[in-house]
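What follows is each chain in one-letter form.
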Amino acid sequence: MGRHTQDAEPDAGPDTGRNAEADTGLVGRRRETAALAAALERAAGGAGGSAVLLRGEAGIGKSALLDWAARRAGQRGFTVLRAVGAEAEREFAFGALHQAAWPLLQASRALTEHQRDALECALGVRAGTPPSGFAVGAAALALLAEAAQDGPLLLVLDDLHWIDSSSAAVFAFLQRRCAELPLVIAGAGRPDGAAAEAWPVEPVEVGELSRPDAAALLLRSCPELAATAADRVLDEAAGNPLALVELPRQLRGEEQRGLAPLPDRLPLGRRLERMFAERLGALTPEAGRVLLLAALAAGTDADSGVWLREVAGAGAEEGLARIEAEGLAGLDPAGRLVFRHPLVRAAVISTAPESARRAAHRTLAGRLAPDDPRGLVHEASAALLPDEGLAARLQEAGGRLARRGGEAEGALLLERAAALSADPAARARRLTWAAVMAARGGRLRHTAALVEEVQRAPVPPDIAPLFAYAVVYVDQSHRVDFESSSALLPAALDALTAPGAETFGGLVDQVYFKLLLAATYTGDPRAWQALERHRENVSAPGRLCHRAWSDPARTAHGAAEELRAMADGLSEEQEAGTAWLLLWTATAADTADCELWRRFTGLHGYATQGSVAKAKAYQDFLRGRWELAPVCLREAEVADELGYHCNALMFRHYYAHFLAGRGDEEGLREIERLVRPAAARARMRFVLDRLTHLRGLAALAHGRYEQAYAHFADLTPPGLLPRGLPWFHPLFFDLVEAAVHTGRRHEARAHVAAGRAARAGEISGHHAFLLAAAAAVAADDDEAEAAYRAAYAVPGAEQWVFELARLRLAHGSWLRRRHRAEAREVLRAAHHTFRRLGAGPWAERCEEELRAAGGPVGDEPAAAAATGAVVAGSAVSAQAAAALTGQELRIARLAGTGLSNKEIGLRLGLSHRTVAAHLYKIFPKLGIASRAALARALGEG
């Protein structure tokens, strides 16, 4: 259900709505409306879609800003779609998606039968086989693409903190793909909610109104307010628009006019709910009953005045009139009941007597089908005593929701079923299932709480494997602890694979994957032994994943081709069950040409979405999409907010790859300080060894070859492909290059020989390219020309952008030393790539080689920008160059462009506190006192 507040702001800038205040009654919010207007302009102008996420406290005016965007979009010819989260509807999978998609689905003529079936089954408007999460996300995208043929679209998502998890995951998928369409997604949520989970978008923080804007809004909403009363309201409201509008309404007429003193305390902030509760006391019993039914109802008809009249029966008409008279809610032109604010709904529910709430739930349950999850929730809310029959129906409905992709909502139904269970063992079983489903659905902190609750009593032996899986899920993902994996999962696999054992819906593969993850991350021999013992008891994707990671130099041959064929042959249902195994196999082989991450992006639940995002982050590094590096940091923040701390660690670990490739050693040290302690506590050799590798790569960028060689050789001695290094191949080319530059050509050739003997090139295209590139760099002069040609000719070589540029640099240098004219062309190609990637030290080496070859370097100012300068062509003052460290200079330049500490931190991988500390040192070094003087002090004014 929707509602309205009276806060927003005039727009700013050319063609962004300078007359917004006069046209719509908005006050303030120039920054927020500018962001929304810019997104709409891009979509309307054919520049692609984007998303804007507004975040702020209750009553701060987020909904008014969304309404402003909807009006603006309507004036520009957009089709406007809406979905509003409601607390009463959080347990119903795809409820919010129904609001947004149903109008388009009814009018659609271009969807395939499969796409229509997927959406209609997910939205609950037809029976059939539950669709996979991928099918729902892909069908929703197809539906929007069809609508976009007639013009741009705006999807408004309000109260994201109350949108069901299944819909939120689909909206997150659409957000990731909105650039492909003229689609703007404008969402709003609260800071304390998991708003827009998995959205790698920096939110626009909506804060309090400034004093002048607050005064303007107060004058407009209550012009008769006396000056003394207005000052008091301004002080107490503290810029909260809802408080500014509502507080004067609580004053008596003489208090408003200044004829009577104001009360000692005005209700404010968290007390706004109580303020609404006082107004509820003036309602008649019948009006209160109608309002309570509306507040507790959920579903597509729940906000219909006609529906409410039918449900409430006699007295409903009079009750609705009284509700409107009190200003608590009202019927809009479409006949829908619109609450004044979500706090009204919350106050209605919280102040109603328990007996009245139970009666309302019974009434609502009677209006719905016996197997409708909404009706079951109402039944459960009305129940006073344990009810095994109702618990069983709730459990069955929860399972159906999970199979449709609604794991988080299914978990809520399982919890309700557990609460109604008379048998302690049945209660433990249902809570354990709820824990597993909540983890898969993105509610990991809640899973941890459920696991602790189950542990308070003996765990029934028949669910021991499932409970072990839940414990390990929490330990791995939330606590970043892999000890329980090797302690519990081998026994769980033994139990699951025993003759006649309960399989728990394909749990064997999931347990196997968790154990394989622990083995890969930590190298624990107990885990590897159990994996080998059960290798034949898992699916083909499980066996392939084990081959790809256990000892890839000797076991992963053909893994990339086998993965591609396997993925192409899987049904959508099989994909949903094996997504993690396939993604992890693709990571081992560095192969994404089958676009697995795209295929799985629509799968619901943060568990899968996080795996997809990690796979994509590493592919962005390998494929030269380095402008997307900040996405890793935003994903890390999302993961931390959701409690997936292992994911957060891994995203920062992937961000370190971009820093090392660019030679940003100070940034790399900052990230290491965040990552290394947690990885060390968890004994994550996978990450710790990779950080050592990245230190070597950064040293290699700066030409410190001896230091780089020491790092690399510490991990893989030349001529040896160690069994405990499952990602040996990214290190392969680096070690050979460092060995050649330090005069260890014999060791370099020994390493190439080891790679050839192991047939490393048969694992994947990336392995083949790295082996060929290493062979070219290590080759004798009489073999080098042919070796370089062979490396360039490896199929797909152009995909590995950074490594190909390094190969060209090595080749160009070899050609230059032989006075070959083509050296300049090869070096310029490498130089162009390094500049685009922002890999400054590598670009500088290209420039040195080009000067030595007697050719022009190119655009010198732009090349300087590529070496790490923030502003192209800037001339740093001698004072700044002498006084500041490299990191301080980077921070000073960014601050001089007007970026906030938080924005600078996101770019450099630092916390905003670290940025502030650096600025505290920078100002006295430059002899300035403010950010405004930075540009001039740096010689960039």
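In every chain, residue numbers begin from 1 and rise along the written sequence. pLDDT decides what is reported in this predicted model: residues at 70 or higher carry local features, side-chain atom pairs at 80 or more are listed and counted, and totals for whole chains, interfaces and linings draw on all residues regardless. Excluding hydrogens and water, the side-chain figures rest on all heavy atoms present in the structure.

Asker: Please explain the overall build of the protein chain as it appears in this structure.
Answerer: When helices and strands are tallied, the protein chain shows 50 helices and seven strands. When a residue's accessible area, from a 1.4 Å probe over protein chains only, is under 20% of the maximum for its type it is buried; when over 50% it is exposed; and in between it is partly exposed. Within the protein chain, the fraction of its 941 residues that count as buried is 59%. Contacts: residue pairs with any heavy atoms within 4.5 Å of one another. Taking as baseline every contact in the protein chain between residues at least 6 positions apart, the subset at least 24 positions apart corresponds to 69%. Areas reported as accessible are Shrake-Rupley estimates using a 1.4 Å probe. Residue values count occlusion only from the protein chains shown. Here the protein chain has roughly 36,100 Å² of accessible surface; of this, 52% comes from carbon and sulfur atoms. The secondary structure listing takes helices from DSSP runs of H or I that are at least 4 residues long and strands from runs of E that are at least 2 residues long, numbered from the N terminus.

Asker: Sorry, what's going on with the packing of aromatic side chains here?
Answerer: Centre-to-centre distance and the angle between the planes together describe a pair of aromatic rings. When the centres of two rings from Phe, Tyr and Trp lie within 6.5 Å, Trp using its six-membered ring, the rings pair. Their planes under 30 degrees apart give stacked, over 60 give edge-to-face, and anything left gives tilted. Across all of its chains, the model carries 19 aromatic pairs by this definition. Seen from their ring centres, F802 and W842 are 5.7 Å apart, and the 85 degrees between their planes marks the pair as edge-to-face. Placement of the pair is F802 in helix α42 (residues 801–817) and W842 in helix α44 (residues 840–852), with a sequence separation of 40 residues. Overall, the relative accessible area of 0% leaves W842 in the buried class. The criterion is that NZ of a Lys, or CZ of an Arg, lies within 6 Å of the ring centre and within 35 degrees of the ring normal, and then a charge sits over that ring. When the ring centre of Y473 is taken as reference, the NZ or CZ atom of K514 above it lies at 3.8 Å.

Asker: Would you mind going over the pattern of salt bridges with me for this structure?
Answerer: Whenever Lys or Arg places a side-chain nitrogen within 4 Å of a carboxyl oxygen from Asp or Glu, that contact is recorded as a salt bridge. Enumeration over the complete set of coordinates arrives at 49 salt bridges. We note a salt bridge from E317 to R309, for which the minimum N-O separation is 2.7 Å. Classification of R309 by relative accessible area gives partly exposed; the value is 28%. E785 is the partner of R789 in a salt bridge, and the nearest nitrogen-oxygen pair spans 3.7 Å. Here R789 and its partner E785 are both found in helix α41 (residues 781–792), four residues apart, which amounts to about one turn of the helix. The partly exposed category is assigned to E785, whose relative accessible area is 22%. The network of salt bridges with shared partners includes D734, E737, R806 and R845.

Asker: I keep staring at helix α17 (residues 354–366) and nothing clicks. Help me out?
Answerer: One turn of the α-helix equals 3.6 residues, which is why residues spaced by three or four share an orientation. Under the convention used throughout, the expected extent of a helix is 1.5 Å for every residue step, that is, one less than its residue count. Compared with an ideal rise of 1.5 Å per residue, which puts 13 residues at 18 Å, α17 spans 19 Å between its outermost C-alpha atoms and is within 8% of the ideal. Every buried residue belonging to α17 is among R358, A360, H361, L364 and A365, and all of these are buried. On an axial view of α17, the arc spanned by its buried residues comes to 160 degrees, and they lie on one face. Exposed residues pointing more than 90 degrees away from the buried face of α17 are listed as S355 and G366. The arc in question is the one spanned by the directions pointing from the helix axis to the C-beta atoms.

Asker: Explanation requested: empty space enclosed by the protein in the structure shown.
Answerer: Picture a little ball the size of a water molecule; that probe, rolled over the atoms, points out where space is still empty. The method works on a 1 Å grid over the protein atoms by themselves. A cavity is a set of points holding a 1.4 Å probe that cannot get out, a pocket is an open set with protein on both sides within 12 Å along at least five of seven lines, and residues with an atom within 4 Å of a point line them. Grid points are joined across faces, edges and corners, and a volume is the space filled by probe spheres set on the points. Inspection of the entire model under this criterion finds nine cavities of 30 Å³ or more. Lining the largest cavity are 22 residues, and of these F513, L517, S611, K614 and N647 sit closest to its centre. Sorting the residues of the lining of the largest cavity by element identifies α23 (464–478), α25 (507–522), α30 (572–589), α32 (606–622) and α34 (645–662) as the ones contributing at least two each. The leading source of residues in the lining of the largest cavity is α32, at five residues. If you add up the space inside the second largest cavity, you get close to 100 Å³. Lining the second largest cavity are F621, L622, H657, R690, H693, L694, L697, P730, D734, F802, E803 and R806.

Asker: It is not clear to me how unusual backbone geometry should be interpreted in this structure. Could you clarify?
Answerer: One non-glycine residue with positive phi stands out, namely D159, at about 55 degrees. Considering the arrangement of structural elements, one finds D159 in the loop between β3 (153–158) and α7 (165–177). For D159, a relative accessible area of 4% puts it in the buried group.

Asker: Could you clarify how one ought to interpret the sheet that holds strand β4 (residues 183–189) in this entry?
Answerer: Hydrogen bonding along the main chain pairs the strands of a sheet, whether they run parallel or antiparallel. With parallel pairing, five strands are arranged side by side in an open sheet as β2-β3-β4-β1-β5. One side of each edge strand has no neighbouring strand; the edge strands of this open sheet are β2 (79–84) and β5 (204–205). Angles run from 0 to 180 degrees between N-to-C directions of axes, and those axes are lines fitted to C-alpha atoms, restricted for helices to the stretch in contact. Where helix α4 (residues 95–107) meets the sheet, it contacts β2 and β3, and its direction lies at approximately 155 degrees from that of β2. What makes two strands pair is DSSP finding at least two bridges between them.

Asker: Teacher, can you tell me more about the nonpolar core here?
Answerer: Most often, soluble globular proteins keep nonpolar side chains buried together rather than apart. Here, nonpolar core refers to any group of buried Ala, Val, Leu, Ile, Met, Phe, Trp, Tyr and Cys residues whose side-chain atoms link them within 4.5 Å. Y521, W584, L649, M684, V687, L807 and F834 are the most contacted members of the largest nonpolar core, which has 171 residues in total. Among the nonpolar cores identified, the runner-up in size contains 53 residues, and L153, A168, L401 and A417 belong to it.

Asker: Help me out: how do you make sense of the pairing of β3 in this one?
Answerer: Along any regular strand the residues' side chains alternate between the sheet's two faces. Judged by how many residues are buried, β3 sits mostly within the fold: six of six residues are covered. By the alternation rule, side chains of β3 split into L153, L155 and L157 and L154, V156 and D158, which are all buried. In terms of strand pairing, β2 meets β3 through six bridges, oriented parallel. If you follow R82 over to β3, its bridge partner there is V156. Where β3 lies against β4, five bridges are found, and the strand directions are parallel. Looking at the pairing, V156 lines up with A186 of β4.

Asker: Looking at this structure, how should I read the environment of R533?
Answerer: Counting through the fold element by element, R533 comes out in helix α26 (residues 525–533). Counting along the chain gives 40 residues from R533 to L493, while the straight-line C-alpha distance between them is 9.7 Å. Those residues in contact with R533, other than ones at most four positions away along the chain, are P490 and D494.

Asker: What exactly am I supposed to notice about the environment of R820 here?
Answerer: One can find R820 in the loop between α42 and α43 (823–837). On the accessibility criterion, R820 (29% relative accessible area) is partly exposed. For the pair R820 and A853, spaced 33 residues apart in sequence, the C-alpha separation works out to 8.8 Å. Beyond its immediate chain neighbours, meaning those up to four positions away, R820 contacts E785, W814 and L815.

Asker: Is there a simple way to explain the packing of helix α36 (residues 685–701) against helix α38 (residues 728–741) in this structure?
Answerer: For any two helices packed against each other, one specifies the crossing angle of their axes together with the interaxial distance. As a packed pair, α36 and α38 sit with axes 11 Å apart at the nearest point and diverge in direction by 40 degrees. The pairing of α36 with α38 is recorded here as oblique in orientation. Relative to α38, the crossing made by α36 is left-handed. Each of R690, H693, L697 and L700 in α36 lies in contact with α38, whose residues at this interface are P730, L731, D734, E737 and A738. Partitioned by chemical class, the residues of the contact of α36 with α38 number five nonpolar, one polar and three charged. Here the word oblique covers every angle except those under 35 degrees (roughly parallel), over 145 (roughly antiparallel) and from 65 to 115 (roughly perpendicular). Handedness of a crossing is defined here by the sense of rotation of the near helix relative to the far one, left-handed for an anticlockwise turn of less than a right angle and right-handed for a clockwise turn. Under the convention adopted here, Pro, Cys and the residues Ala, Val, Leu, Ile, Met, Phe, Trp and Tyr are nonpolar, Asp, Glu, Lys and Arg are charged, and Gly plus all remaining residues are polar.

Asker: For this particular structure, what's the right way to read the packing of helix α19 (residues 388–403) against helix α20 (residues 407–419)?
Answerer: One way to put it is that α19 packs onto α20 with a least axis distance of 8 Å and a crossing angle of 170 degrees. Here α19 lies roughly antiparallel to α20, going by the angle between them. Of the residues in α20, those in contact with A391, L394, Q395, A397, G398, G399, L401 and A402 of α19 are E407, E409, G410, L413, L414, R416 and A417. Here the residues of the contact of α19 with α20 are counted per class, giving eight nonpolar, four polar and three charged.

Asker: Would you explain helix α13 (residues 285–296) in this entry?
Answerer: For α13, with twelve residues, the first-to-last C-alpha span of 16 Å sits near the 16 Å given by 1.5 Å per residue. Among all positions in α13, only A287, V290, L291, L292, L293, A294, A295 and L296 are buried.

Asker: I keep staring at the side chain of T716 and nothing clicks. Help me out?
Answerer: Turning to its location among the elements, T716 is positioned in the loop between α37 (705–715) and α38. In this structure T716 comes out as buried when scored by relative accessible area, which is 3%. Within the structure, T716 has its side chain in polar contact with the backbone oxygen of L720 (distance 2.8 Å). In this structure T716 touches P722, L725, L731, L735 and H751, once residues within four positions along its chain are discounted. A 3.5 Å cut-off defines polar contacts: any pair of N or O atoms within that distance qualifies, except that in protein one atom must be a possible hydrogen donor and the other a possible acceptor, and neighbouring residues in sequence count only when both atoms are side-chain atoms.

Asker: I'm lost on the environment of S165 in this one. Help?
Answerer: The residue S165 is located in helix α7 in this model. Distance from S165 to G442, taken between C-alpha atoms, is 7.8 Å for residues 277 residues apart in sequence.

Asker: Just to check I follow, could you spell out the confidence of the model for the protein chain for this structure?
Answerer: Predicted coordinates in regions of low pLDDT should not be interpreted in detail. Looking at the protein chain as a whole, the pLDDT averages 83, with 87% of positions reaching at least 70. Scored below 50 in pLDDT, residues 1–24 shows 92 contacts in the model against residues more than four places distant or in partner chains. Every residue in residues 859–876 scores below 50 in pLDDT, and together they form 32 contacts with partners more than four places removed in sequence or on other chains. Each residue gets a pLDDT score, which is the predictor's confidence in that residue and runs from 0 to 100.

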